[in-house]
Amino acid sequence: MDSFSSSHSNAPGSKISQEDIMDQVKAQLAQAYAEEFLEIVRGKCFDKCITKPGSSLSGSEGSCISRCVERYIEATGIVGRALFSQR
């Protein structure tokens, strides 16, 4: 069965709708975006906040990482809203 055939259809070989395909593509894009976002935030916040890597975070390192991640999430939301409001 190819990736466009419905596994839950009653008719053999029937195709899923364009809406179903778009939903699948949107879900895959959202997953890829989330993974990329986390990787970027992880790298940037680690570089900024972790001065001496060890087996655990100090209190200030943990606070720094929390603030850093919150800022990236907030900034991403602002940029996303600005982009979508222009449409």
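Note that the coordinates shown come from a computational prediction; the quantities given were computed from them, not determined experimentally.

Cut-offs and rules
- Residues numbered from 1 in each chain as written.
- Predicted model: local features only at pLDDT ≥ 70, side-chain atom pairs only at ≥ 80, totals over all residues.
- Heavy atoms only, no water.
- Helix = DSSP H or I, 4+ residues; strand = E, 2+ residues; numbered from the N terminus.
- Buried < 20%, exposed > 50% of the residue type's maximum accessible area, 1.4 Å probe, protein only.
- Contact = heavy atoms within 4.5 Å.
- Areas by Shrake-Rupley, 256 points an atom, 1.4 Å probe, with all protein chains shown as cover.
- Expected span 1.5 Å × (residues − 1).
- Salt bridge = Lys/Arg side-chain N within 4 Å of Asp/Glu carboxyl O.
- Phe/Tyr/Trp six-rings, centres within 6.5 Å; stacked < 30°, edge-to-face > 60°.
- pLDDT = per-residue confidence, 0-100.
- Lys, Arg positive; Asp, Glu negative; His and termini not counted.
- Patch = residues over 30% accessible without salt bridge, like charges linked within 9 Å, V, L, I, M, F, W, Y side chains within 5 Å.

**Student:** Sorry if this is basic, but what is going on with the overall build of the chain here?
**Tutor:** What the chain contains, in helices and strands, is two helices and zero strands. Going through the 87 residues of the chain one by one, you find that 14% of them count as buried. Within the chain, residue pairs in contact and separated by at least 24 positions form 26% of the contacts whose partners lie at least 6 positions apart. Of the roughly 7200 Å² that the chain leaves accessible, carbon and sulfur atoms contribute 58%.

**Student:** What's the story with helix α2 (residues 59–85) in this structure? I'm lost.
**Tutor:** Residues three or four positions apart in an α-helix share a direction because the helix packs 3.6 residues into each turn. The end-to-end C-alpha distance of α2 is 39 Å, a good match for the 39 Å that 27 residues give at a rise of 1.5 Å each. Those residues of α2 that fall on the buried side of the exposure criterion are Glu61, Cys64, Cys68 and Gly80. In this structure, the buried side of α2 is in contact with α1 (18–49).

**Student:** In this structure, what is going on with the pattern of salt bridges? I would like to understand it.
**Tutor:** When charged atoms on two side chains of opposite charge get close, those side chains can pair. All chains considered together, the criterion is met by one salt bridge. One salt bridge in this structure joins Arg42 and Glu39, with 2.8 Å as the shortest N-O distance. On the criterion of helical spacing, the pair formed by Arg42 and Glu39 is a turn pair, its members being three residues apart in helix α1.

**Student:** Please explain the packing of aromatic side chains as it appears in this structure.
**Tutor:** The geometry of an aromatic ring pair comes down to the distance between the two centres and the angle between the two planes. Enumeration according to the criterion identifies one aromatic pair in this entry. Note on Tyr33 and Phe37: the rings are 6.3 Å apart at their centroids and 25 degrees apart in plane angle, and the pair reads as stacked. In this pair, Tyr33 and Phe37 both sit in helix α1, four residues apart, roughly one turn of the helix. Its relative accessible area of 46% is what places Tyr33 among the partly exposed residues.

**Student:** Mind showing me how you'd approach the confidence of the model for the chain here?
**Tutor:** Detailed reading of the predicted model is not advised wherever pLDDT is low. Taken as a whole, the chain shows an average pLDDT of 84; of its residues, 83% reach a score of 70 or greater. Low confidence marks residues 1–7, where pLDDT is under 50. Its contacts with residues over four positions away, or in another chain, come to twelve contacts.

**Student:** So what exactly am I meant to see when it comes to the side chain of Glu61 here?
**Tutor:** Within the secondary structure, Glu61 sits in helix α2. The side chain of Glu61 is buried and forms no salt bridge, while Lys52, the nearest opposite charge, is found at 7.4 Å. Excluding residues that lie within four positions of it along the chain, Glu61 makes contacts with Cys49, Ile50, Thr51, Lys52 and Ser56.

**Student:** Would you mind going over a nonpolar patch on the surface with me for this structure?
**Tutor:** On the surface, Val79, Leu83 and Phe84 cluster together to form a nonpolar patch covering roughly 330 Å² of accessible area. Within the secondary structure, Val79 is located in helix α2.

**Student:** Quick question: what am I supposed to make of α1 here?
**Tutor:** Between its first and last C-alpha, α1 extends 45 Å over 32 residues, near the 46 Å set by a 1.5 Å rise per residue. All of the buried residues in α1 are Phe37, Val41, Cys45 and Cys49. Buried-residue contacts for α1 involve α2.

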